[in-house]
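# Structure assessment
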Amino acid sequence: MKAPRVLPLLFASQLVVAAMVPRAMAARQAEPAVSAEDVTRATLDNGMKVVIIRNALAPVVTVEANYMVGGNETPPGFPGMAHAQEHMMFRGCPGMTADQTAAIYALLGGENNADTQQNITQYYATVPAADLEVALEAQATCTRGVDDSQAEWDEERGAIEQEVQRDLSNPTYKFIDRMNGIMFAGTPYAHDPLGTVDSFNKTSGAMLKSFHDKWYAPSNMILIVVGDVDSTTALAKIKSLFGAAPNHPLPERPAIDLQPFKDESFTIDSNLPYVLGFIAYRLPGTDSPDYAAINILADVLASQRADLYGMVPAGKALAAEFGLAEAYRKASVGYGVVALPAGADPTSAIAEMRQIISRYAQNGVPEDLVAAAKRSEIAQAEFQRNSIPGLADVWSSALAAEGRTSPEQDIDAIRKVTLADVNRVAKKYLFNASTITATLKPVASGGPVSQKGFGGAEQVTAAPTKPVTLPEWAAGPLNKLQAPLNYIEVSDTKLPNGIRLIVRSDKTSPTVTVMGAVKHNSDLQTPPGEEGLGDILDQLYSYGTTSLDRMAFQKALDDIAANESAGYEFSLSVLKEYFSRGVGLLADNELHPALPAHAFMITQRQTAQFVAGNLQSPGYRTERALDTALLPRGDPVLREATPTTVEKATLDDVKQYHDSTIRPDLTTIVVIGDVTAEEAKAVIEKWFGDWKATGEKPNTTLPPVPVNKPSAVTVPDPERVQDEVTLADQLNLNRFDPDYYPLQLGDHVLGGGFYATRLYHDLRQVNGLVYSVDVSLDASKTRASYSVDYGCDPKNVSKARALIVRDLNQMRTEDVSEDELHMAKALLLRQIPLSAASESALAEGILHRAEIGLPLDEPVVAAKKYMQLTADDVKDAFARHVDTDDLVQVVRGPAPQ
């Protein structure tokens, strides 16, 4: 459950600014082209709108309920009311208790969530197609009402306040919140739908119930169903389940009266490893006829062939971007952003960014870039069909958030955009416009501080979660366990030069996706004293090839509306008709990067500057503290790049490193899409077939390591108000150990199923100490680590730890209950087919298994193993491998109290 952030930011290899993008905004510019016969529409007698989109990509379905209520409709002084009500919809409704809700969604596979935006609240679940009726029943039950009891709110308040504290620990969120308050002063847009701790402390269950009863009406709801469904049968079921929900008139919605704002500049202290400089503009919203042209303008300004990005290869910025965010009905935000080395004065870079944007606004943008942006937007519409949950979200965004009748309206508007339109809106909204200018400036945080103990330990004892009796409509279908059928039908061949080629044909859309990887480990393959060599190489791929310079290479991609990246992990997304051309460009970039001397000097300096800032950042220091605590001294993973090692590299070193590490006999390529195995093989062989390996194949596998000793470290981070905590163990285990499977099953007793699993139940549902708690078993060929991650107030770090330790020890010493074992198995078994809900997820899974050396159908094989495991198997595996006395604790933020 989340009130999402809506500012997509920089992605420049190492330079990753946290992308705070909601599901709707992330898919915003990728509307699908769906044939009319695949769309079924209906309006029920009570006013509820239903849209069913058939998509046979996988035996999976997404159900997404959209209520047209959000931050706009919250009462004065209570900006998070809609968000709080979103949380409480999981805390019980007439006919389904909170425990039943959690159990049902866990048994369905745990792929469910919700989010609150400015004008909509969404509840979504992706489930096996055979379980559609159960998912609809669960959604319909809460459509008819909600409990909103004071007792449940008293418990949930702590969790939602921790969600607030998490975002208040993020400098980018602080910028967005302050920007909105200035740009949209006096309107509902000024207040983030996330809410505030103070307002939640004044909120009661009765207030939430009143809010719900005003706004949660069938006529204020759009239900989107996407997947492998029989539309006629599904619609009949929806009518029977939702048709009786009573409707009522809605209150008047608040007016959005935007007023002019004055230029304003400010600086925010940051915990990022680099300086960020922002210029934000108020632009038209989705209701405006100018919105399509604004989208194309943003794409043009963000192009790697445009002048803003040109600041990067010119050595004036580490990264530069333009984008759209906060896309409301009446307004949106356009922003330019540059990343600079920590300690740099951003004044001149921000001034140059402003000049570039103003110059385009005054003089016009290149016609070629407008045409490329339009091609890209239209092509991406096809790719959105390759994800069932993504397709559901795009339709939800178009219909519920934007008020369209179909996502095709957005694409039609894009097709009609002209160069004159783009130049007109650029001049109207960007030239001499009021702006908000902000600098996010890194501040010193101090080094890690070792602790002798773990804080005041709490004495906690309790029995595991009690059994839950399901409603009759859920008990029958969900009490059955069934191993999934083999959904991984691929062609798996090895080419003469050693490339492993895996092909999955899928005609869902006229597109092809290529994902590849070269086995590589920089900790083992980088020459001593040259740490950071691979980082320089990674940045240089963007400078084109030996046959096409940076601009010509990007134009070649733009001409076919393809997205490409090269390196040790490489990818291509391309329309079917341009498959061969796209693979040719990918191969040229991967095998023959230009590596120009002038670019090397700039990239080397940028990498050294980034590394200098990163070494001082709390994020890096936290990761380093964890690695140092878990691994023995001298382990290859503990090697680190410094400005000195980066500056030592030469261009010849980079070229030699590329030639020795980029090898066909270490490469796996996965092709998935509208292409046959024969077609794919012919194209891959055409462009990659002449690639030959030379010299001895390098070792890329880390050696095993012993288990760690216990320790505790706090990494100061003055910008955080919430502590970020990791508890971890290095295990005497690897991915091929038989105990991997009972440990994974036990993990799903502890987490992954929201309140139905132990850690969520104990830390969040009952005690309200955390917003989220994640448990993971990370295993490779030779190593494995076990970790639990959570965020909480400093005063509650030891209390939450004590609950976690208690639960882990119970896993070691007591059998899990029959109900818990069944639920964990159901979670795992249903998650297996859900991994095929998108082409990209399926390809990533196949590629990972191929790289590590697992059978490609390992998930199906694993399902049979999970079904046979017993409570004793789980207990014995935990007793052998998870020792709470050896836990490493790393805290980022204020010192635990």
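Residues numbered from 1 in each chain as written. Predicted model: local features only at pLDDT ≥ 70, side-chain atom pairs only at ≥ 80, totals over all residues. Heavy atoms only, no water.

### A look at the packing of helix H12 (residues 347-363) against helix H16 (residues 419-430)
Note the following rule: Between the N-to-C directions of two axes lies an angle of 0 to 180 degrees, each axis being a line fitted to C-alpha atoms and, for a helix, fitted only over the stretch in contact. Secondary structure elements are taken from DSSP: a helix is a run of H or I of four residues or more, a strand is a run of E of two residues or more, and numbering for both begins at the N terminus. Here the word oblique covers every angle except those under 35 degrees (roughly parallel), over 145 (roughly antiparallel) and from 65 to 115 (roughly perpendicular). In a left-handed crossing the near helix is turned counterclockwise from the far helix by less than a right angle, and in a right-handed crossing that turn is clockwise. When checking whether two residues touch, look at their non-hydrogen atoms; a contact exists if any pair is within 4.5 Å. Each residue is assigned to one class: nonpolar for Ala, Val, Leu, Ile, Met, Phe, Trp, Tyr, Cys and Pro, charged for Asp, Glu, Lys and Arg, and polar for all the others, Gly among them.
Two elements in contact, H12 and H16, have axes whose closest approach is 7 Å; the angle formed by their N-to-C orientations is 125 degrees. Taken together, H12 and H16 sit at an angle that is classed as oblique. The two elements H12 and H16 meet at a crossing, and its hand is left-handed. Taken together, the residues of H16 that come into contact with H12 (itself represented by Ile 357, Ala 361 and Gln 362) are Ala 426, Lys 427 and Leu 430. Of the residues in the contact of H12 with H16, the class split is 4 nonpolar, 1 polar and 1 charged.

### Regarding helix H21 (residues 579-591)
Three- or four-residue spacings in an α-helix give side chains the same orientation, since the helix completes a turn every 3.6 residues. Just so we agree on the cut-off: Helix span, expected: 1.5 Å multiplied by one less than the number of residues in the helix. A simple rule labels every residue: compare its accessible area, found with a 1.4 Å probe on the protein chains alone, to the largest value its type can have, and call it buried under 20%, exposed over 50%, or partly exposed in between.
Helix length check: H21 (13 residues) gives 18 Å between terminal C-alpha atoms against 18 Å at 1.5 Å per residue, within 8%. Burial runs high along H21: 11 of the 13 residues are buried. Considered for burial, the residues of H21 that qualify are Phe 579, Gly 582, Val 583, Gly 584, Leu 585, Leu 586, Ala 587, Asp 588, Asn 589, Glu 590 and Leu 591.

### Re the confidence of the model for the protein
Counted only if it meets this: The predictor reports its confidence for every residue as pLDDT, a score running from 0 up to 100.
Across the protein, pLDDT averages 93, with 95% of residues at or above 70. The model gives residues 1-32 a pLDDT under 50, and that stretch makes 141 contacts with residues more than four places away or in other chains. In the predicted structure, residues 453-463 sits below a pLDDT of 50 and forms 18 contacts with residues beyond four places in sequence or in another chain.

### Comments concerning the sheet that holds strand E17 (residues 491-494)
Within a beta sheet, neighbouring strands are joined by backbone hydrogen bonds and run either parallel or antiparallel to one another. This is how the line gets drawn: Two strands are said to pair when DSSP picks up at least two bridges between them.
With mixed pairing, 6 strands are arranged side by side in an open sheet as E17-E18-E22-E19-E21-E20. The open sheet terminates on both sides in strands that have one partner only, identified here as E17 and strand E20 (563-565). Put simply, the sheet's adjacent strands are angled 15 degrees from each other on average, direction ignored. Note that strand E18 (residues 500-505) and strand E22 (residues 667-673) share 6 bridges and pair parallel. Paired with Leu 501 across the strands is Ile 669, a residue of E22. This element, helix H31 (residues 839-852), spans E18, strand E19 (511-518) and E22 of the sheet and lies at about 25 degrees to E19.

### Quick word on the pattern of salt bridges
What counts here: Here a salt bridge means any side-chain nitrogen of Lys or Arg lying within 4 Å of a carboxyl oxygen belonging to Asp or Glu.
All told, the structure shown has 43 salt bridges when counted by the stated rule. Where Arg 91 meets Glu 152, a salt bridge forms, and the shortest distance between an N and an O atom there is 2.7 Å. Pair noted here: Arg 91 is in the loop between helix H2 (81-88) and strand E6 (92-93) and Glu 152 is in helix H5 (residues 150-168), with a separation of 61 residues, a long-range link. A relative accessible area of 1% places Arg 91 in the buried class. Members of the salt-bridge network, linked through shared partners, are Arg 91, Glu 152, Glu 155, Glu 156 and Arg 764.

### What to know about unusual backbone geometry
Non-glycine residue Glu 326 carries a positive phi angle of around 45 degrees. Along the chain, Glu 326 turns up in the loop between strand E13 (319-325) and strand E14 (332-341). Glu 326 sits in the buried class, given a relative accessible area of 2%. Positioned with a positive phi, Ala 561 is a non-glycine residue whose angle comes to about 55 degrees. Looking at the secondary structure, you find Ala 561 in the loop between helix H20 (550-559) and E20.

### Section: the nonpolar core
Let me state the cut-off plainly: Each nonpolar core is a collection of buried residues, namely Ala, Val, Leu, Ile, Met, Phe, Trp, Tyr and Cys, held together in the definition by side-chain atoms within 4.5 Å.
Residues Leu 223, Ile 238, Phe 242, Tyr 786 and Tyr 790 are the most contacted members of the largest nonpolar core, which totals 111 residues. Residues in contact with Ile 238, not counting those within four places in the same chain, are Leu 44, Met 48, Val 50, Ile 52, Leu 136, Leu 223, Val 225 and Gly 243. Membership of the second largest hydrophobic core comes to 53 residues, among which are Leu 533, Phe 579, Val 583 and Ile 662.

### So, H2
When you tally the buried positions in H2, you get 8 out of 8 residues, the bulk of the element. Taken together, the buried positions of H2 are Met 81, Ala 82, His 83, Ala 84, Gln 85, Glu 86, His 87 and Met 88.

### Considerations on the packing of aromatic side chains
Test applied: Here the aromatic set is Phe, Tyr and Trp, taking the six-membered ring for Trp, and pairing holds for ring centres within 6.5 Å; pairs whose planes are under 30 degrees apart are stacked, those over 60 apart are edge-to-face, and all others are tilted.
Counted under the stated rule, the structure contains 17 aromatic pairs. When the centroid spacing of 6.3 Å and the interplanar angle of 25 degrees are considered together, the rings of Phe 570 and Phe 688 count as stacked. Here Phe 570 is found in strand E21 (residues 569-575), whereas its partner Phe 688 is found in helix H26 (residues 677-688), with 118 residues between them in sequence. On the basis of an interplanar angle of 80 degrees and a centroid distance of 6.0 Å, the ring pair of Tyr 786 and Phe 878 is categorised as edge-to-face. Note that Tyr 786 is positioned in strand E26 (residues 784-792) and Phe 878 in helix H33 (residues 871-881), a separation of 92 residues in sequence. For Phe 878, a relative accessible area of 0% gives the class buried.

### What to know about the sheet that holds strand E8 (residues 112-116)
Read across the open sheet, the 6 strands follow the order E3-E4-E10-E5-E9-E8; overall the sheet is mixed. Edge positions in the open sheet fall to strand E3 (39-43) and E8, since each of these has one partner strand only. Each strand of the sheet is rotated relative to its neighbour by a mean of 15 degrees, with strand direction disregarded. Each of strand E5 (60-67), strand E9 (121-128) and strand E10 (221-227) is contacted by helix H4 (residues 132-143), which is oriented at about 10 degrees to E5, the strand it contacts most.

### What about the pairing of strand E4 (residues 49-54)?
Pairing between E3 and E4: 5 bridges, direction antiparallel. Along E4, the bridge assignment pairs Thr 43 with Lys 49. In textbook terms, the turn of a hairpin is the stretch between consecutive antiparallel strands, and for E3 and E4 this stretch comprises 5 residues, one of which, Gly 47, has a positive phi near 95 degrees. By the bridge criterion, 6 bridges tie E4 to E10 in an arrangement that is parallel. Looking across to E10, one finds that Lys 49 is bridged to Ile 222.

### Examining the environment of Ala 400
Mapped onto the secondary structure, Ala 400 falls in helix H14 (residues 388-401). Using a relative accessible area of 4% as the deciding quantity, one classes Ala 400 as buried. With 280 residues separating them along the chain, Ala 400 and Ile 120 place their C-alpha atoms 6.9 Å apart.

### Some thoughts on the packing of H21 against H26
Two numbers describe a pair of packed helices, the interaxial angle and the distance between the axes. Orientation of H21 relative to H26, taken along the N-to-C sense of each, is 35 degrees, at an axis distance of 9 Å. The interaxial crossing formed by H21 with H26 has right-handed handedness. On H26, the residues touching Phe 579, Ser 580, Val 583, Gly 584, Leu 586, Ala 587 and Leu 591 of H21 are Glu 679, Ala 680, Val 683, Ile 684, Lys 686, Trp 687 and Phe 688. Of the residues contributing to the contact of H21 with H26, the split by class is 10 nonpolar, 2 polar and 2 charged.

### Brief notes about the pairing of E8
With 4 of its 5 residues buried, E8 lies for the most part within the structure. Summarising the sheet, E8 and E9 pair through 5 bridges and their orientation is antiparallel. Within E9, the residue paired with Asp 115 across the bridge is Gln 122. In this antiparallel pair of consecutive strands, E8 and E9, the connection spans 4 residues.

### Regarding the environment of Lys 781
With respect to the secondary-structure elements, Lys 781 resides in the loop between strand E25 (773-779) and E26. For the pair Lys 781 and Arg 305, spaced 476 residues apart in the sequence, the C-alpha separation amounts to 42 Å. Ignoring any residue separated from it by four or fewer positions in sequence, one finds Lys 781 in contact with Lys 519, Thr 701, Asn 734, Phe 736, Glu 851 and Ile 852.

### Things to note about the environment of Gln 730
What counts, and what does not: Nitrogen and oxygen atoms within 3.5 Å of one another constitute a polar contact, given that in protein one can donate a hydrogen and the other can accept it, and given that sequence-neighbouring residues count only through two side-chain atoms.
You can see Gln 730 is positioned in strand E24 (residues 723-731). On the basis of relative accessible area, Gln 730 is assigned to the buried category, the value being 6%. Leaving out residues up to four positions away in the same chain, Gln 730 has contacts with Leu 630, Leu 631, Val 705, Pro 706, Val 707, Asn 708, Arg 783, Ala 784 and Ser 785. Polar side-chain contacts of Gln 730 include one of 3.1 Å to the backbone oxygen of Ala 784.

### Topic: the side chain of Asn 180
For Asn 180, the position within the fold is in helix H6 (residues 171-183). Using a relative accessible area of 1% as the deciding quantity, one classes Asn 180 as buried. Polar contacts involving the side chain of Asn 180 include one to the side chain of Glu 326, which spans 2.6 Å. In this structure, Asn 180 is in contact with Ala 185, Tyr 189, Ala 190, Glu 326 and Tyr 328, ignoring residues within four places of it in sequence.

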